[in-house]
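# Overview (structure and organization)
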2 protein chains.
Amino acid sequence: MTDESGLTYKRAGVDYDRVDPLKIMAQQAALATADNLHAAGLTEIAASRGESAYVVDMGEFYTASITECLGTKSLVADRMHEITGKTYYAAIAQDTIAAAVNDVITVGARPLTIHAYWAAGGSEWFADEQRMTALVQGWQQVCQDIGVSWGGGETPSLAGVVQPGAIDLAASCMGIIRPKERLTLGEKLRAGDAIVLLESSGIHTNGLTLARKLADQLPEGYATQIDGGRAYGEALLDPTILYSPVTEALFEAGIHIHYLAHITGHGWRKIMRHPASFTYRINALPPVPLVLQFLAEKARLDLREAYGTFNMGAGFAVFVPAHQAEHAVAISERLGVGAYRAGVVEEGPKRVVIEPLDLTYEGESLHLRA
Amino acid sequence: MTDESGLTYKRAGVDYDRVDPLKIMAQQAALATADNLHAAGLTEIAASRGESAYVVDMGEFYTASITECLGTKSLVADRMHEITGKTYYAAIAQDTIAAAVNDVITVGARPLTIHAYWAAGGSEWFADEQRMTALVQGWQQVCQDIGVSWGGGETPSLAGVVQPGAIDLAASCMGIIRPKERLTLGEKLRAGDAIVLLESSGIHTNGLTLARKLADQLPEGYATQIDGGRAYGEALLDPTILYSPVTEALFEAGIHIHYLAHITGHGWRKIMRHPASFTYRINALPPVPLVLQFLAEKARLDLREAYGTFNMGAGFAVFVPAHQAEHAVAISERLGVGAYRAGVVEEGPKRVVIEPLDLTYEGESLHLRA
C-alpha cells in the first residue's frame, strides 16, 4: 500500500469510484439507442461499446469515431510559461491529438479526420499571439506527420464554465477500417499471443492531476531538477508519442494484430482491457522515463500505485501471434518508437501479472464496462 | 445603434473581433492538411471547409462530421436549480445534441452517431444523482427521438480547467449523405429560391452570455416574470428544436433543398452563410418567442443588435425552389415545427435585407471564412 503521507490518485482529486457509476449508467443508456442505425440500413459493431472507439459497419468498410480530451496538462504548460517565458502549446496540441488518435487506432482504424475543440475561459485567450500560433501550427504539424485531415473545429469562449486564462482542449477523430479484416475487436485475442509494449515519451496525458499536486509540494515546484538535469515541468511536457504510424506499418507488413490497448488512466491495468478472461503475464519491463521515476519517488508511490496509475514507460500495447512478435518489434523500432516483447497472454483468470515487480492486478480493479 | 447603456454582445464579454483571427488562422492551417486524405484513396469536399460540417467523399456516399458545444446555457440551469430545486439537464442535453445535429444536417447529412463530451469541474459533479440521471436520460431520449446512435463519449473531471460545480458540454456527430445528390453545398443555391424559416423555441444555445448578464441586472434576476407568466430563467431553458426530422422528411418528399443554414451566433446574418454573393430579401417575419422579446426589450437592444445576435424566432433556414416552398412549409408544420415562407434569394450584393424592419446586414458583417 502507498505510504499514508504519499499522494494517491484519489487524494489528488480524481475519484474513479465517483466517476464510474455515471460512465456505466451512460453506457447502458447509450446501448439502448444502437438499433437506431437500422433505419439507415446500417449496424454498429456491438463489441466496440466500452472500447476506445465506436465502430459502425458502413458496408464495404467500418468507420471508427471517438472524442477525447487533453485533461489538465495545459495547466502545467501555463505554469511553465510563467517560469520560462516559453510557450508549450505546440506540444500540447500533439498531446490532445494523440489522446484521440491513439484511441481510435485501437480498433484497427486508420485515422482520417480530426476536429479541434478549444474552449477557452474567455476570448482574451485567443489574443495571445505566441500561444495561439503555437497551438495552431503544432496542431497542423501533427496532422501532417500522421497523415490526417484537420477538418474543422470549435473555438468557443466560455467564461463562467472554463476557468479564466485556462482552456479545455479536446479532439474528435474519425477513422476507417478497411479491409474489414483489420477490425481488432472480439475473437482474435488468444492464449499464447505475445504482448508487445511500445515506449512512452513520459507522462503523456494521464496522471497530470497527481503530477501537479506534487509540484505544489516541491520547494522549487516545476523548476525542480530531475535526473538528467531538466526541470520537472519541462519533462512533464514532453509530447505524447503518436502510435498510428506504427499500427499502420504493422498492418501493411502483414502482422496479424489481435488486439490493441492504449495505456491511459488506470496505467498498466489497461493491458487487460479486452473483455475476455485472460492472464497477461509480463516478464520484461521497458525503461521508465526519468520524469515518471521522479514522480513515483517524490510522491512516494509504491509500485502498485505507480503502475496502476501511470504508463511507466509503456504507452501502447500490441497483441500479436508469438511468431510475429520480433517482426513487430523491429517495425516499430525502425519508425523510431522503442518496442519491447514484454510478455504473453495465458489462459487463466483476468489479471495482469508483472513478474519482475512481483505485482498482480486482478480483473476487478478495472471497471470500464456496464 | 444600441443605446449606450444597453447591453451589446461585445460588452457582455464575447468579442468576435478577438475570436475570429484565430478561426481564420486555424482554417488556413487546416486547409493545408486536406491532401492527407489522398493516401487513403479519399478526398474531401473542399466547399465544406468553413461550412457547418466537414464532408469527405467515401466512394458510394459522403460522411459529414462536426464537434459543437453547448456554450454557457448550463450556467442558467445551475442558477435556476438554486431557485426552483428542479433539474434542467434533460433540456440541456437536448440543447447540446441540437447544437451538433442542427449543424451536421446543413450539408444534407442524415445524422447517424453522437459522442458525448461532458467535462466537469470535479468528480463531485457526477455524484448528484438527480442531475446526472436527467442528463443521461435526456441525452438518450433525444437520440431516440431523432434516430441516432449514441456511440460513446468522454466524461473527464477537469478541476483547474473547468470551474468548480460547472460542466463543459459538447457533442460530436457523424452523418451520412446518401445518395450523394443530397449534398447541399456549392452550386445549387440560385436567385429565385425561396427562403423558408423554421421556428425556434426560444434562445436555443446562442446569446446566453448576454442573456445571463441581463439576469444580473434585473432586480428579480431569473425569477422575473415575462409575458405569459413564466420566469425568465425558465423560458430561457426551453430546449432547442431539433431540425433533423424536418430535413429528413423534406428529402424523402423529394423537395430539392438547395442550401441549409443553422441560425446561431451572428443571428440572422447567418442567412447569408452561403459563400456566393446573393441578396437575401426577407418580407415576412416569424413570431418572436416571448423570452427573446423580453430580452431585446430589457437589454435595450435595437433591432439591428437583436436580429444580428439572436435567432428572433427563426432557428433554421431552408432554401428551396420557389414552387416547392409551400410544400416544404406543409411538411414541417405536419411534424410540429412552425415554418414560414419568409423571403427570396436575389441576384445582388451579399446582404440580408429584412424589409418589414427596414434593416440590412451587409456581407462584411459576417466573417466566417479564411
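Definitions and limits used
Residues numbered from 1 in each chain as written. Chains lettered and ligands numbered in written order. Predicted model: local features only at pLDDT ≥ 70, side-chain atom pairs only at ≥ 80, totals over all residues. Heavy atoms only, no water. Domains from an automatic or database assignment. Contact = heavy atoms within 4.5 Å. Buried area = accessible area lost by both parts, 1.4 Å probe. Salt bridge = Lys/Arg side-chain N within 4 Å of Asp/Glu carboxyl O. Helix = DSSP H or I, 4+ residues; strand = E, 2+ residues; numbered from the N terminus. Nonpolar A, V, L, I, M, F, W, Y, C, P; charged D, E, K, R; others polar. Pairing = 2+ DSSP bridges. Axes fitted to C-alpha atoms, helices over the stretch in contact; angles between N-to-C directions. Least-squares fit on C-alpha atoms with pLDDT ≥ 70 in both. Polar contact = N/O pair within 3.5 Å; in protein donor to acceptor, adjacent residues only side chain to side chain. Buried < 20%, exposed > 50% of the residue type's maximum accessible area, 1.4 Å probe, protein only.

## Comments concerning the domain arrangement of chain A
Many descriptions give the size of an interface as the accessible area lost when the pieces come together. All names here are of chain A. Taken domain by domain, chain A comprises domain 1 (33–182) and domain 2 (194–365). For domain 1 versus domain 2, the distance between C-alpha centres works out to 21 Å. Taken together, the contact pairs 34 residues of domain 1 with 31 residues of domain 2. The contact between domain 1 and domain 2 buries some 2700 Å² in all, and 61% of this surface belongs to carbon and sulfur atoms. When residues of domain 1 are sorted by the area they lose upon contact with domain 2, Lys-73, Val-76 and Asn-102 head the list and together hold 21% of the total. Taken together, the connections running from domain 1 to domain 2 amount to 4 salt bridges. Between Lys-86 and Glu-234 there is a salt bridge whose closest N-O contact spans 3.0 Å. If you tally residues by element for the side of domain 1 that touches domain 2, the top one is helix H3 (residues 89–104), at 10 residues. Of the residues in the side of domain 1 that touches domain 2, the class split is 18 nonpolar, 8 polar and 8 charged.

## Focus on the environment of Ala-77 of chain A
All names here are of chain A. With respect to the element layout, Ala-77 can be found in helix H2 (residues 73–84). Considering only alpha carbons, one finds Ala-77 and Tyr-88, 11 residues apart in sequence, at a separation of 5.6 Å. Contacts of Ala-77, omitting those with residues within four sequence positions, involve Tyr-88, Tyr-89, Ile-92 and Leu-237.

## A short note on the sheet that holds strand E12 (residues 351–354) of chain A
All names here are of chain A. A sheet is described by the order of its strands in space; here 7 strands give the open sequence E8-E10-E7-E11-E9-E12-E13, paired in mixed fashion. Among the strands making up the open sheet, the edge pair consists of strand E8 (259–262) and strand E13 (359–362). Recorded for the sheet is a direction-independent mean angle of 20° between the axes of neighbouring strands. Both strand E9 (residues 279–282) and E12 contribute to a ladder of 4 bridges, which runs parallel. Opposite Thr-279, over in E12, you have Arg-351 as the bridge partner.

## Notes on the relation of the copies chain B and chain A
Superposition of chain B onto chain A requires a rotation of 180° combined with a translation of 0.0 Å along the rotation axis, giving an RMSD of 0.0 Å. Interpreted geometrically, this transformation is the action of a two-fold axis. In terms of C-alpha distance to the rotation axis, chain B has Val-162 of chain B as its closest residue, with the C-alpha 2.1 Å off the axis. A shared interface surface links the copies, since 100% of the contact residues of chain B are contact residues in chain A too.

## Focus: the interface of chain B and chain A
Each partner contributes residues to the interface: chain B has 79 residues there, and chain A has 79 residues. Roughly 6500 Å² of surface becomes buried between chain B and chain A when both sides are summed, with 63% attributable to carbon and sulfur atoms. When residues of chain B are sorted by the area they lose upon contact with chain A, Leu-22, Thr-67 and Val-161 of chain B head the list and together hold 10% of the total. Counting every contact that joins chain B to chain A gives 0 salt bridges. Put simply, chain B and chain A have 28 residue pairs in polar contact (both at pLDDT 80 or more) between them. The set of elements that each furnish at least two residues to the side of chain B that touches chain A consists of helix H1 (16–31), strand E2 (54–57), strand E3 (62–69), helix H2 (73–84), strand E4 (110–120), helix H4 (129–146), strand E5 (149–154) and strand E6 (167–177) of chain B. Among the elements that line the side of chain B that touches chain A, the one with the most residues is H1 of chain B, at 9 residues. Taken together, the residues that form the side of chain B that touches chain A break down as 43 nonpolar, 23 polar and 13 charged.

## Overview of the pattern of salt bridges
In this structure the tally under the stated criterion is 26 salt bridges over all chains. Residues Arg-182 of chain B and Glu-248 of chain B are paired through a salt bridge, measuring 2.6 Å at the closest nitrogen-oxygen approach. Taken together, the residues Arg-182 of chain B in the loop between E6 and strand E7 (194–199) and Glu-248 of chain B in helix H7 (residues 244–252) connect sequence positions 66 residues apart. Each member of the pair, Arg-182 of chain B as well as Glu-248 of chain B, is classed as buried. Taken together, the salt bridges that share partners define one network made up of Arg-110, Arg-182 and Glu-248 of chain A.

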